[in-house]
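# Observations on chain architecture
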Amino acid sequence: MNEKKPIFGLVSVSDRASKGEYEDRGIPALKEYLASVIEGGFETIDMVIPDDAPGIQQTLMALADEKGCSVIFTTGGTGPSKRDVTPEATRAVCEKLLPGFGELMRRVSLAKVPTAILSRQEAGIRGACFILNLPGKPKAIKECLDAVFPAIPDCVDIIGGAFIDIKKDAFAVYRPH
Amino acid sequence: MNEKKPIFGLVSVSDRASKGEYEDRGIPALKEYLASVIEGGFETIDMVIPDDAPGIQQTLMALADEKGCSVIFTTGGTGPSKRDVTPEATRAVCEKLLPGFGELMRRVSLAKVPTAILSRQEAGIRGACFILNLPGKPKAIKECLDAVFPAIPDCVDIIGGAFIDIKKDAFAVYRPH
Amino acid sequence: MNEKKPIFGLVSVSDRASKGEYEDRGIPALKEYLASVIEGGFETIDMVIPDDAPGIQQTLMALADEKGCSVIFTTGGTGPSKRDVTPEATRAVCEKLLPGFGELMRRVSLAKVPTAILSRQEAGIRGACFILNLPGKPKAIKECLDAVFPAIPDCVDIIGGAFIDIKKDAFAVYRPH
């Protein structure tokens, strides 16, 4: 039994939140979600950074390579505007991309809003760290995580990250590996 | 209120239609569709060009950068044959790609024909212009646009294009920005 | 009437099966599937090779360029682990990618297991050969082929491969070209 608690990097990407022009709501939403599904404790490292591709890349690399994160969730910066560069920065640091995550998140969000197809959310792997782009809005974060989280513990097992235990009443984890 | 009417670039990509070997049916279908959903007038710039990647790229760049198009719809050239290069040309000129459009169009077309998965339709952004690859057949054009058009006005707002007003009886536009 | 029987390249990608550490189950599953749907005979060329990107690429190129395969099915090596490189090798040798295949296979597999979104299966074209990545497990192979095979004969027609005739009681082939 692996005693090490998983570390989640939580990265809110927003020019305005990083300048303090408004309060970030992404990281609190992510923490609330994790608390509701993770069994046995976890740690987080929280960052609020601007929509700047090189800065996002450096943050992702540091969290994956130096800080021991098994999972990084980004929130924000996945839309079509010029400043939305989170997917580009994610692709640049990942060794493998996992297109199924973006496909499924867009599909579940599309059942709510037709503009869900504007989202360019990526997922990928860097070393023993799984990186996932999430939307900026707390409600959309929860909708996306509800859809894709059941696949994350197995993915992290496969790439050699920490064991992520899930509360019995949260959802059934499929963990064949 | 932005008084400028939106300009749509309509690009039919077809070796045979560009040589006059048969009549292009893509642009008429696109115009009919636009007339049925756009409120308050619009302009189009129409081009019928061969399946040649450099030529397609130059056409897309001219329409986006010089002609002031807020939207470009291409029709044709998205299949698996050697001469089908519209998606490659589109990718080459876009600063951002929007994979959700292709995913949704393939999904709705798949409900009609199993060969819908052969379509390689792309969508992306160049400057303040949204570019979308559509199929060649009028019926398939309408099916695809019915699925994705509700997301286009908001996308064009976000990237700084002209205001695209939609007829009240056409469909509900979700426009959070 | 084209009398030439189609040749299918069947490539099982697995470090352990290629060393004989366990028996490959992918190629037998593929042959059983082909026998159940193909009318009028077919040939296969079977290869069991390790999870090594340059080796996979060379195998795919030889089967497409020298051995006259109209279709190559790979099985295995599409997951998130470091050794899973079949999609990368496939992309490297294809002139065109067909994203609709991966999207649809992930979607149908997702109805069975939540970890289906971890699959990175690709499809693409090299010359007159259609290449498709399939999962490693026989049950998942059949589920994926049931979903996408109806589009393959038309695709191979379009790219100039051999005529693939389908048994009348297998499924309806849509073949507009």
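Only a predicted model underlies this, so the values are computations on that prediction, with no experimental measurement involved. (Residues numbered from 1 in each chain as written. Chains lettered and ligands numbered in written order. Predicted model: local features only at pLDDT ≥ 70, side-chain atom pairs only at ≥ 80, totals over all residues.)

## So, the confidence of the model for chain A
- Per-residue confidence for chain A averages 95 on the pLDDT scale, and 98% of its residues sit at or above 70.
- Here the predicted complex carries an ipTM of 0.94, next to a pTM of 0.96. (pLDDT = per-residue confidence, 0-100.)

## Section: the packing of helix α2 (residues 26–37) of chain A against helix α6 (residues 138–148) of chain A
All names here are of chain A.
- With their axes 9 Å apart at the nearest point, α2 and α6 run at an angle of 35 degrees to one another. As α2 runs across α6, the sense of the crossing is right-handed. For the pair α2 and α6, the contacting residues are Gly26, Ala29, Leu30 and Tyr33 in the first and Pro138, Ile141, Lys142 and Leu145 in the second.
- The residue inventory of the contact of α2 with α6, partitioned by class, reads six nonpolar, one polar and one charged. (Axes fitted to C-alpha atoms, helices over the stretch in contact; angles between N-to-C directions. Helix = DSSP H or I, 4+ residues; strand = E, 2+ residues; numbered from the N terminus. Left-handed = near helix turned anticlockwise from the far one by under 90°. Contact = placed C-beta atoms within 7 Å. Nonpolar A, V, L, I, M, F, W, Y, C, P; charged D, E, K, R; others polar.)

## Notes on the relation of the copies chain B and chain C
- Each copy superposes on the other: chain B lies on chain C with an RMSD of 0.0 Å after a rotation of 120 degrees and an axial shift of 0.0 Å. What the superposition gives is, in effect, a three-fold axis relating one chain to the other. The C-alpha atom lying nearest the rotation axis in chain B is that of Glu103(B); the distance is 4.3 Å.
- When the interface residues of chain B are mapped onto chain C, a mere 7% of them again fall at the interface, so the copies present different faces. (Least-squares fit on C-alpha atoms with pLDDT ≥ 70 in both.)

## A few points about the interface of chain B and chain A
- At the junction of the two partners, chain B supplies 16 residues and chain A supplies 15 residues.
- Looking at the side of chain B that touches chain A, the elements that each hand over two or more residues are α5 (99–110) and α7 (152–159) of chain B.
- Considering each element in turn, the side of chain B that touches chain A owes the most residues, five residues, to α5(B).

## Considering helix α7 (residues 152–159) of chain A
Residues and elements named next belong to chain A.
- Burial analysis of α7 places seven of its eight residues in the buried class, the great majority of the element.
- Buried within α7 are the following residues: Ile152, Pro153, Asp154, Cys155, Val156, Ile158 and Ile159.
- Immediately beyond the C-terminal end of α7, within one or two residues, lies glycine 160, with a positive phi of roughly 90 degrees. (Buried ≥ 20, exposed ≤ 12 C-beta atoms within 10 Å, placed from the backbone.)

## Comments concerning the pairing of strand β5 (residues 123–126) of chain B
All names here are of chain B.
- What you see with β5 is no split at all: Ala123 and Ile125 on one side and Gly124 and Arg126 on the other are buried throughout.
- Two strands pair when backbone bridges link them, and strand β4 (residues 96–97) and β5 are joined in this way by two bridges, in the antiparallel orientation. Counterpart to leucine 97 in the pairing with β5 is glycine 124.
- Relative to strand β6 (residues 129–134), β5 is paired through four bridges, and the arrangement is antiparallel. Opposite alanine 123, over in β6, you have leucine 132 as the bridge partner. (Pairing = 2+ DSSP bridges.)

## A short note on the interface of chain B and chain C
- Across the contact, 15 residues belong to chain B and 16 residues belong to chain C.
- Of the residues contributing to the side of chain B that touches chain C, the split by class is seven nonpolar, five polar and three charged.

## Remarks on the sheet that holds strand β3 (residues 71–75) of chain A
All names here are of chain A.
- Taken together, six strands build an open sheet; the order of strands is β2-β1-β3-β6-β5-β4 and the sheet is mixed. In the strand order of this sheet, the two ends are held by β2 (43–49) and β4 (96–97), each with one partner.
- As paired elements, strand β1 (residues 7–13) and β2 share seven bridges and run parallel to each other. Across the sheet, the residue bridging to phenylalanine 8 is threonine 44, located in β2.

## What to know about the sheet that holds strand β6 (residues 129–134) of chain C
All names here are of chain C.
- Across the sheet, which stays open at both edges, the six strands sit in the order β2-β1-β3-β6-β5-β4 with mixed pairing between neighbours. Two strands in the sheet have a free side with no partner beyond their single neighbour: β2 (43–49) and β4 (96–97).
- Along the sheet, helix α2 (residues 26–37) contacts β1 (7–13), β2 and β3 (71–75); its crossing angle with β1, the most-contacted strand, is approximately 155 degrees.

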